[in-house]
Amino acid sequence: MAADSKTSLSNGNVSTQPNPKRSYQVVVAATRDMGIGKDGKLPWKLPSDLKFFKEITQITSDAGKRNAVIMGRKTWESIPLEHRPLPGRLNVVLTRSGSFDIATVENVVICGSIGSALELLAASPYCLSIEKVFVIGGGQILSEALNAPECDAIHITEIETRIECDTFIPSIDSSVFQPWYSSFPIVENNIRYCLSTYVRVRSAAVESLSQNNDIVLDSKTNSDKFEVKQFSFLPKMVFEKHEEYLYLRLVQDIISDGNLKDDRTGTDAVQFAHNFSASYNQGIKYFGEVLSRNFSGSSVVQQMPSVGLTDREEGDLGPVYGFQWRHFGARYTNMHADYSGQGFDQLLDVINKIKNNPNDRRIVLSAWNPSDLKLMALPPCHMFAQFYVANGELSCQMYQRSADMGLGVPFNIASYALLTCMIAHVCDLAPGDFIHVIGDAHVYRNHVRPLEEQLQKLPKPFPILKINPEKKDIDSFVAEDFKLIGYDPHQKIEMKMAAPLLEACIDADMV
Ligand SMILES: NC(=O)c1ccc[n+]([C@@H]2O[C@H](COP(=O)([O-])OP(=O)(O)OC[C@H]3O[C@@H](n4cnc5c(N)ncnc54)[C@H](OP(=O)(O)O)[C@@H]3O)[C@@H](O)[C@H]2O)c1
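Residues numbered from 1 in each chain as written. Predicted model: local features only at pLDDT ≥ 70, side-chain atom pairs only at ≥ 80, totals over all residues. Heavy atoms only, no water.

Going by an unreviewed UniProt entry, the protein carries the name Bifunctional dihydrofolate reductase-thymidylate synthase and comes from Citrus unshiu.

**Student:** Tell me what's going on with the UniProt feature "active site" (unreviewed entry) in the protein, and back it up with residues and numbers.
**Tutor:** Within this numbering scheme, the UniProt entry marks Cys-381 as carrying the feature "active site" (unreviewed entry). In this structure, Cys-381 sits in the loop between strand S14 (364–366) and strand S15 (382–390). Not counting residues up to four positions away in its chain, the partners in contact with Cys-381 are Tyr-321, Tyr-399, Gln-400, Arg-401 and Ser-402. (UniProt positions renumbered as here; feature names shortened; annotations may be inferred. Helix = DSSP H or I, 4+ residues; strand = E, 2+ residues; numbered from the N terminus. Contact = heavy atoms within 4.5 Å.)

**Student:** Describe the environment of His-442, and please don't skip the residues or the numbers.
**Tutor:** Take His-442: it is sitting in strand S17 (residues 430–444). Look at His-442 and you get buried, because its relative accessible area is 4%. Taking the C-alpha atoms as reference points, His-442 and Leu-260, separated by 182 residues in sequence, lie 9.5 Å from one another. At 3.3 Å, the side chain of His-442 and the side chain of Tyr-444 are in polar contact. (Buried < 20%, exposed > 50% of the residue type's maximum accessible area, 1.4 Å probe, protein only. Polar contact = N/O pair within 3.5 Å; in protein donor to acceptor, adjacent residues only side chain to side chain.)

**Student:** Please set out the packing of aromatic side chains residue by residue, giving values where relevant.
**Tutor:** Under the counting rule described, the total for this entry stands at eleven aromatic pairs. For the ring pair Phe-231 and Phe-233, a centre distance of 6.3 Å and an interplane angle of 55 degrees mean the geometry is tilted. What makes Phe-231 buried here is its relative accessible area of 1%. (Phe/Tyr/Trp six-rings, centres within 6.5 Å; stacked < 30°, edge-to-face > 60°.)

**Student:** Explain helix H12 (residues 408–426) to me, using residue names and the numbers behind them.
**Tutor:** The periodicity of an α-helix, 3.6 residues per turn, causes residues three or four positions apart to be oriented the same way. Taking 1.5 Å per residue as the helical rise, H12 with its 19 residues ought to reach 27 Å, and the 27 Å between its terminal C-alpha atoms agrees with that figure. Within H12, 19 of the 19 residues are buried, which leaves the element mostly enclosed by the surrounding structure. A positive backbone phi angle near 55 degrees is found at Asp-428, which sits one or two residues after H12. (Expected span 1.5 Å × (residues − 1).)

**Student:** Give me the confidence of the model for the protein: which residues, what numbers.
**Tutor:** Of the residues in the protein, 81% reach a pLDDT of 70 or more, and the chain-wide mean stands at 84. Across residues 1–16 the pLDDT falls below 50, and counting only partners more than four positions away or on other chains, this stretch makes 24 contacts in the model. Here residues 281–306 scores under 50 on pLDDT; set against residues more than four positions off or in separate chains, the count is 109 contacts. (pLDDT = per-residue confidence, 0-100.)

**Student:** An account of the packing of helix H9 (residues 244–257) against helix H13 (residues 448–456) is requested, with residue identities and associated values reported.
**Tutor:** Following both chains from N to C, one finds H9 and H13 inclined at 140 degrees, their axes separated by 10 Å at the closest point. By the angle between their axes, H9 is oblique relative to H13. Here H9 runs over H13; the crossing is left-handed. Residue-level inspection shows Tyr-247, Leu-248, Val-251, Gln-252 and Ile-255 of H9 in contact with H13, the latter providing Val-448, Leu-451, Glu-452, Gln-454 and Leu-455. Class assignment for the residues of the contact of H9 with H13 results in seven nonpolar, two polar and one charged. (Axes fitted to C-alpha atoms, helices over the stretch in contact; angles between N-to-C directions. Parallel < 35°, antiparallel > 145°, perpendicular 65-115°, else oblique. Left-handed = near helix turned anticlockwise from the far one by under 90°. Nonpolar A, V, L, I, M, F, W, Y, C, P; charged D, E, K, R; others polar.)

**Student:** Outline the environment of Gly-137, listing residues and values.
**Tutor:** Positionally, Gly-137 belongs in the loop between strand S6 (130–135) and helix H6 (139–145). Exposure remark for Gly-137: the relative accessible area of 1% places this residue in the buried category. Once the C-alpha coordinates of Gly-137 and Ile-36 are considered, the two residues, 101 residues apart in sequence, prove to be 8.8 Å apart. With sequence-adjacent residues up to four places away left out, Gly-137 is seen in contact with Ile-70, Met-71, Gly-72, Thr-75 and Leu-142.

**Student:** Could you give an account of the site of the ligand, naming the residues involved and the relevant values?
**Tutor:** The local shell around the ligand holds 28 residues, among which Ala-29, Arg-73, Thr-75, Thr-95 and Arg-96 are the closest. In this structure, an oxygen atom belonging to the ligand sits 2.8 Å away from a main-chain N or O atom of Gln-140. Glu-144 has a polar side-chain atom sitting 2.9 Å from a nitrogen atom of the ligand. Within the complex, 89% of the 930 Å² of free accessible area of the ligand lies under protein. Broken down by class, the residue content of the shell around the ligand amounts to eight nonpolar, 14 polar and six charged. (Near = heavy atom within 4 Å. Areas by Shrake-Rupley, 256 points an atom, 1.4 Å probe, with all protein chains shown as cover.)

**Student:** So what's going on with unusual backbone geometry? Which residues, and what values?
**Tutor:** Put simply, Ser-124 and Pro-125 share a cis peptide bond, and its omega is 5 degrees. Relative to the assigned elements, Pro-125 resides in the loop between helix H4 (114–122) and helix H5 (126–129). Located in the positive-phi region is Asn-391, a residue other than glycine, with phi close to 55 degrees. By the element assignment, Asn-391 lies in the loop between S15 and strand S16 (393–404).

Here it is, written out as structure tokens:
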């Protein structure tokens, strides 16, 4: 079947009424310099990538429908004879040449432009029978289609290994698309790659962003607000890979199946608990509000009579996180004392090891100092972090003995992701993975309802963190050195802190 001209689709109405067009998603594999092909073929063999391509373009949520794949004539010809047309999908081949005629082949239609293909798919019968439309290359088609307004999402196999190519596509416009998900790296046939998805968050490019991706912007620009409000147009297999689901599923799991336990805090003295480990990876993602503080090593809290530290000045937490990180082993007196040069500076030691001995298996930051515990208003919850360097990336695994899922954990994830990004930045590494291991993960009874409300909210793309490239000293950072770009959270959900002491700890002494 051939369907090319606008007139045949619109019954001659083209000039007076614009035809509705289908939007689409791009699926492509590209190297870092956006190379996609060589000598009319794919210059790599990546079985997992092919499997992903097949699944994402073939699977539909409605068994009565199928998807369409749009491709250039040369891409069609690059598919081995025995594999084309791609089965289970409507193959739409673009050509400007009248002599190219394969329209008699079942499941194939030919169109003379991208626009006419999208109009065809928006019209009957395809508007009813085709669920999703994917543009699959090659270079000529994607030079037009990749960042075009009808492109809702880009599923890109990001190939890290250098491979020679002769066909290229444009870069993804980061003022319009934000990352949704990126897989752990896969290595096949000595090629390292990730399966990543970027979604459109606004309809048109934001000039200042698209001109210079490295620019450090004021985080309060209008560009933070997404014009696209829902991302459920993504294929389910990608939508549900959003890393926020690691957190949301654990919350759901604890509420449904957790053990009921008594609680130290006294407020709503019942909780549901579980233990858990999860990895948040690729560029490190953020949950909740990200705060940054100097690593001064000071520790403050408002009141702590309940733990027997009545002689402590109001506002003094004792030798908690910051003190242990910068002055481990020093004798703690009060929050005003000058501890310069005292104790062991674990943070500088970590940075020194990452820079000079990155294969070290002892790159550890410990807030747990048993002999000081009795002096602390609250012993450290996130007590231990180990850093790991590989492939130019810095990863962090953090152990948390006790985790308040509603209020604490989103903050803990954001804090350690930020810490890892900061240390990676001063060590000239890229941020890798954040692995969060929790001993006792609990939901307080009075958080169940607000968390159930949160479980109804659909995730949005994470913001992008920019760190001032001039700053290379961990002690030199100020809040203005960090910009979050494209942070568009859902509305606030109120939850009460289980204990005022915890509140004070979070206010005062987290990174
Ligand atoms: N890495 C990946 O994911 C991936 C995906 C697909 C392809 N590839 C690779 O990319 C290479 C092929 O890409 P390519 O850029 O050379 O060719 P292509 O984009 O696949 O096809 C180009 C042809 O499509 C037609 N065409 C282009 N723009 C058109 C438009 N706007 N309207 C109508 N027809 C249009 C023209 O056909 P006529 O000349 O017949 O008019 C043109 O010659 C191969 O190496 C292939 O393996 C890689």
